[in-house]
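These are the residues of each chain, in order.
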Amino acid sequence: MTQNERILLILSDPATLELLDRSILTPAGYRVSVAQSCAAAEKLIRSGRPDLVILGDKLTDCHYLELASKIVDQQPTLPILLFTTDRSASLPLKVLRMGVVDWLSPPIRANAILEAVRRGLDRRTHWMNWLQLESRRYTGPLERRVEALETLINIGRSVTSFLELDNVLTAVVDAAVELTGAEEGSILLLDDESGELYMRAARNFQEDFVRTFRIPVDDTLAGEVVRLGKPIHFDAKDPTKIKTSYLVYALIYVPLRIHNRTIGVLGVDNRQSGNAFSQRDVMVMSALADYAAIAVENARLYSESELERNKLGRILTQIKDGVIVVDNSWNILLVNRMVRRIFNLGEDDYSGQAIDDVIQNEILSKAIRGELDDPFRAELEIDENNVFSIQVTELPGIGTVVTLHDITYLKEVDRLKTDFVNAVSHDLRSPLTSILGYVELIDRAGPINEKQSEFIKKVQFSVNSITELINDLLNLSRIEVGGLSKEFEQVSIYSVINYAVEGYQHLLDAKDHKLVVECSEDLPPVFGNPIQMRQVVDNLLGNAVKYTPRGGQIGIYAIEENGQILIQVTDNGQGIPPEEHPNIFDKFYRASNAPEDIQGTGLGLAIVKTIVENHNGRIWVDSEVGVGSTFWVILPVA
Ligand code: ADP
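None of the values given here were measured: they were computed from a predicted structure.

A. Layout of the overall build of the protein. Helix and strand content of the protein: 17 helices and 23 strands. The C-alpha radius of gyration of the protein comes to 53 Å, more than 25% above the 26 Å expected for a compact globule of 638 residues. Contacts spanning at least 24 positions in sequence make up 60% of the contacts within the protein whose residues lie at least 6 apart. Here the protein has roughly 36,200 Å² of accessible surface; of this, 52% comes from carbon and sulfur atoms.

Below, the structure written as structure tokens:
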């Protein structure tokens, strides 16, 4: 025993202090400190942590027994030796009851003092050892539990941080072996194809064994765990004879379960020693098995989504349309192969770069920012041989997707059509002029009767209509090349409507249509070209007559509203499928439900729209198949 122990002397008499300290205790190797009052003593006990106290009976600021009882209360393992002159018979019993270990009385004899001190210190050592042992007995399992929890937490972390399934499963098996103190451990997974269990991770098994290990689910212990979804726990004392592929003394198998389905087994066993496993081991194993199952499922989901992502990635890059994806700050997230080709971008990775730095194109830049007239659609002409239709789609939370669809061939077809129409119209005009000429000459060639005269008028009317149509065609191609005639004047819509109605009266009658016209003669005029205004109403009324089955209801209404003339041409005919509404104003477009026996070129509405827009107006349609159609035209008052 070292003599380095600390002794606190609590004595008021300096002579006794001097004697005990200088002559006996310090020479014996003890570290002595001194307190001459209760207050000083309490302070030193707290800060100096003495191993033994020698307490005298002549303190002035408190009674020494009071102080003794306080010390015993606060530090029950600190031995107290009383140094007292009190020789009353009751004292020993009193102090023993209080917990004081010994008492001394003058005269001071070095030997007696040192022996008493030694006894006190030995007793303290004895107490301390016992305390340590006891506390270890209580904290040992707690420590192991904390260790198990820490391992579980670490495994949990690794499940979410490692994507490598092998690493997680090996960590799980290692933890299982270590926490249960087993000799070996393994994870068996169910092979969906063969229905067998194979060893996916192992600890302390031979590599060959791991590689070739395959067992059926029927008739094996691990298989039973899979079939029942419940843990198995046994040891050598267990009388049950259980079939395994190798002999073990003790074993735990717990199922790896995900969504109520068992996908494998986590196992530990002892083959050499007969050491048994506890129920707590089963619980720890179950927690570990949950982690392993989550890891296996995560890996499966990850590889599935990875596969899906690759597939989508490939589709996006290979697709024939150009695809640009930018984030909300217009930095590139993706440009596919077609976009690279269109803008000669090469193979660099442009992710994160501003789209305007990579592709300098005003229309594209505006389209991406939604700054074009139509925020979702635009036409982009790189050169004559590269014309694209741009579609802009916003993806909330991602940014904006722009697709570029090659419409060069459509442009070409369109040009060919225009050329063709031009040529045909030109070629038709001259024979028509000569027909009109000769028809006019008929009555000069000789007398004709009334009937013949009526027929001649009809021929003239028809030829005029055809000539008008041809003029329309030429008009249209002229519009496309250089705009419409701007010979504008004040035009009365009232007259335009009446003229149109007159022109269609015979057709209305022929089809038994009922026509309602509501238009005031006082309607203010619009500023426009009278012939074109007639074309608009003629076309709309003509369509209503054409596309409404016999006996239909047709209406033309015109009113003034807020400085605008609103014309409404309505029918209860066959209607137009809703998805085709945006197309019917396109050139040569005929709705899919247009009857074959009704002739048409698909040009009328294209001309109407162009004219209306040239008059700063707007046109749109409301239509329902089988119910009817209403065409609306708004024109500003002159
Ligand atoms: P078309 O010469 O074919 O009549 P238009 O440009 O005038 O060409 O019209 C385009 C198409 O719109 C028509 O072919 C027809 O399918 C549809 N359409 C136009 N007006 C009506 C209407 N009043 N009712 C039903 N369909 C109509």
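Structure's up, so let's keep going.
B. Summary view of the site of the ligand. Residues in close proximity to the ligand total 21 residues, the closest being Y547, D571, R590, T601 and L605. A distance of 2.8 Å separates an oxygen atom of the ligand from a polar atom in the backbone of L605. Considering the ligand on its own, with 520 Å² of exposed area, one finds that the protein chains cover 98% of that surface. Those elements that provide at least two residues to the shell around the ligand are α16 (530-546), α17 (604-614) and β23 (628-636). The leading source of residues in the shell around the ligand is α16, at three residues. Per-class residue counts for the shell around the ligand are ten nonpolar, eight polar and three charged.

C. Local environment of helix α9 (residues 279-318). The end-to-end C-alpha distance of α9 is 58 Å, a good match for the 58 Å that 40 residues give at a rise of 1.5 Å each. Its side-chain oxygen at 3.3 Å from the backbone nitrogen of R280, S278 defines the N-terminal cap of α9.

D. Region of interest: the sheet that holds strand β8 (residues 214-215). Across the sheet, six strands lie side by side as β8-β7-β6-β11-β10-β9; this open sheet has antiparallel pairing. Each edge of the open sheet is held by one strand with a lone partner, namely β8 and β9 (232-234). Bridge count between strand β10 (residues 250-258) and strand β11 (residues 261-270): nine bridges; the pairing is antiparallel. The partner of L256 across the bridge, within β11, is G264. Lying over the sheet, helix α8 (residues 221-228) contacts β6 (184-190), β7 (197-203), β8, β9, β10 and β11, oriented at roughly 35° with respect to β10.

E. The confidence of the model for the protein, seen in detail. Across the protein, the average pLDDT comes to 87, with 95% of residues at or above 70. In the model, residues 239-243 has pLDDT below 50 throughout and makes four contacts with residues more than four positions away in sequence or in other chains.

F. The arrangement of the sheet that holds strand β1 (residues 6-10) in detail. Sheet architecture is open: five strands sit in the order β2-β1-β3-β4-β5, paired in parallel fashion. Each edge of the sheet is formed by a strand with only one pairing partner; in this case those strands are β2 (31-35) and β5 (102-104). Ignoring strand direction, the axes of neighbouring strands in this sheet form an average angle of 20°. Across four bridges, the pairing between strand β3 (residues 52-56) and strand β4 (residues 80-83) is parallel. Residue pairing across strands places L55 opposite L82, the latter belonging to β4. Running over the sheet, helix α1 (residues 14-25) touches β1, β2, β3 and β4 and is turned about 160° from β1.

Conventions we followed
- Residues numbered from 1 in each chain as written.
- Predicted model: local features only at pLDDT ≥ 70, side-chain atom pairs only at ≥ 80, totals over all residues.
- Heavy atoms only, no water.
- Helix = DSSP H or I, 4+ residues; strand = E, 2+ residues; numbered from the N terminus.
- Rg over C-alpha atoms; globule rule 2.2 N^0.38 Å.
- Contact = heavy atoms within 4.5 Å.
- Areas by Shrake-Rupley, 256 points an atom, 1.4 Å probe, with all protein chains shown as cover.
- Near = heavy atom within 4 Å.
- Polar contact = N/O pair within 3.5 Å; in protein donor to acceptor, adjacent residues only side chain to side chain.
- Nonpolar A, V, L, I, M, F, W, Y, C, P; charged D, E, K, R; others polar.
- Expected span 1.5 Å × (residues − 1).
- Pairing = 2+ DSSP bridges.
- Axes fitted to C-alpha atoms, helices over the stretch in contact; angles between N-to-C directions.
- pLDDT = per-residue confidence, 0-100.

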